[in-house]
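Reading the structure
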Amino acid sequence: MSAGAPGCIHEEAGWRGSDDPRASLLHTLRAMGAARLNVGTSGNASQRLEGGRMLISPSGMPAERCRAEDMVMVEADGRYAGARAPSSEWQLHRDVYAAFPAAGALLHAHAPFATALACQRLDIPAFHYMIARFGGTTVRCARYATFGTQALSDATVAALQERCACLLANHGMVVLGRDLEHALAMAIEFETLCEQYWRTLQLGEPVLLSEEEMAEVIERFKWYGKPRA
């Protein structure tokens, strides 16, 4: 599997744009809040557009105050126009899209359980077979770097190799999807796994699945959720 195609994002599924991408992105931001992935101005979301561009949430605005027209179009070189500045993490989003062509949407959240694990700088091991949903036998925690910096962007791209989710040390989570709907579903699923791992750690170290057991799961996930031929 190439570094440019995380195992949980199927190239053949493609990415379908919306007739109203700004409204779709705003809906996703508000859904992130409703799912308790974000509070206030924390976190951000984007979707890939044609020509190397992306649409991203604005800087410093809570989702409930945003309007569709507040979503910011950013060119591949970082130029943008309009009344709002893009999220401070726009560079991370741009660099992840460049590194992973199969990704059509990216969500970054400060979800409670993911952030708790990130603040312990923990990789999430194969404590549950559903870890394979995110591309491998673990979910990595990216090394710490200040928000909005090239160092954080580089750390995130490294942690996402062969994966579609990662933790950011002392920060939060990043999840990729084919489109906004898929990315939101994966982010909610990832936060649930983070909660399960956090809870099992209260009882002690979990019994981990073996490499052989996880390899069988990963093989099964190659057809999981796909229509029958």
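Quick caveat: nothing in here was measured; it's all calculated off a predicted structure.

Geometrically, a packed helix pair is captured by the angle between its two axes and the distance between the axes. In contact at an axis separation of 9 Å, helix H2 (residues 90-99) and helix H4 (residues 150-159) are set at 35° when each is read in the N-to-C sense. In this structure, H2 crosses over H4, and the sense of that crossing is right-handed. Listed contacts from H4 to Gln91, Leu92, Asp95, Val96 and Ala99 of H2 are Gln150, Leu152, Ser153, Thr156 and Val157. Its residues assigned to classes, the contact of H2 with H4 comprises five nonpolar, four polar and one charged.

On to the confidence of the model for the protein. For the protein, the average pLDDT comes to 91, and 90% of its residues sit at 70 or higher. Overall, residues 1-5 carries pLDDT values under 50, and its contacts beyond four positions in sequence, including any with other chains, amount to 15 contacts. Contacts from residues 10-17, a stretch scored under 50 in pLDDT, to residues over four places away or in other chains number 14 contacts.

Within the secondary structure, Ala159 sits in helix H4. Once the C-alpha coordinates of Ala159 and Val174 are considered, the two residues, 15 residues apart in sequence, prove to be 9.9 Å apart.

Pairing is mixed across the open sheet formed by seven strands, whose spatial order is S3-S2-S1-S4-S7-S6-S5. For this open sheet the edge positions go to strand S3 (72-74) and strand S5 (141-142), each flanked by a neighbour on one side alone. Here strand S2 (residues 54-56) runs beside S3; their pairing, made up of three bridges, is antiparallel. Across the sheet, Ile56 pairs through a bridge with Val72, a residue of S3. Sheet strands touched by helix H1 (residues 21-34): strand S1 (44-48), S2, S3 and strand S4 (105-109). Its angle to S1, the strand with the most contacts, is close to 150°.

This brings us to the side chain of Asp95. Relative to the helices and strands, Asp95 resides in helix H2. Its relative accessible area of 16% is what places Asp95 among the buried residues. Side chain to side chain, Asp95 and Arg94 meet in a polar contact 3.2 Å long. Other than its neighbours up to four places away in sequence, Asp95 contacts Gln150, Ser153 and Val157.

Of note, His171 is situated in the loop between strand S6 (165-168) and strand S7 (172-177). For His171, a relative accessible area of 12% translates into the label buried. Along the backbone, His171 and Cys119 are 52 residues apart, and their C-alpha atoms lie at a distance of 6.8 Å. Leave out the neighbours within four places in its chain, and His171 touches Glu89, His108, His110, Thr115, Ala118, Phe147 and Leu152. A polar contact of 3.4 Å, which involves the side chain of His171, links it to the side chain of His110.

Enumeration according to the criterion identifies three aromatic pairs in this entry. For the pair Phe127 and Tyr197, a centre-to-centre distance of 5.0 Å together with 40° between the ring planes defines the contact as tilted. Here Phe127, found in the loop between helix H3 (112-119) and S5, pairs with Tyr197, found in helix H5 (residues 180-201); they are 70 residues apart in sequence, far enough to count as distant. This pair shows no difference in class: Phe127 is buried, exactly as Tyr197 is. Considering the side-chain rings of Phe134 and Phe190, the 5.3 Å spacing of their centres and the 55° angle between planes classify their relative orientation as tilted. Taken together, the residues span a long stretch of sequence, with Phe134 in the loop between H3 and S5 and Phe190 in helix H5 at a distance of 56 residues. Both residues of the pair, Phe134 and Phe190, count as buried.

In terms of burial, S1 is largely enclosed, as five of its five residues are buried. Burial along S1 is two-sided: the residues Asn44, Ser46 and Arg48 and Ala45 and Gln47 are all buried. Pairing of S1 with S4 involves four bridges; the strand directions are antiparallel. In the strand pairing of S4, Ala45 is matched with Leu107. By the bridge criterion, three bridges tie S1 to S2 in an arrangement that is antiparallel. Following the sheet pairing, Gln47 is matched in S2 by Leu55. Where S1 folds back on S2, the antiparallel hairpin that results is connected by five residues, among which Gly51 adopts a positive phi of roughly 75°.

Conventions we followed
- Residues numbered from 1 in each chain as written.
- Predicted model: local features only at pLDDT ≥ 70, side-chain atom pairs only at ≥ 80, totals over all residues.
- Heavy atoms only, no water.
- Axes fitted to C-alpha atoms, helices over the stretch in contact; angles between N-to-C directions.
- Helix = DSSP H or I, 4+ residues; strand = E, 2+ residues; numbered from the N terminus.
- Left-handed = near helix turned anticlockwise from the far one by under 90°.
- Contact = heavy atoms within 4.5 Å.
- Nonpolar A, V, L, I, M, F, W, Y, C, P; charged D, E, K, R; others polar.
- pLDDT = per-residue confidence, 0-100.
- Pairing = 2+ DSSP bridges.
- Buried < 20%, exposed > 50% of the residue type's maximum accessible area, 1.4 Å probe, protein only.
- Polar contact = N/O pair within 3.5 Å; in protein donor to acceptor, adjacent residues only side chain to side chain.
- Phe/Tyr/Trp six-rings, centres within 6.5 Å; stacked < 30°, edge-to-face > 60°.

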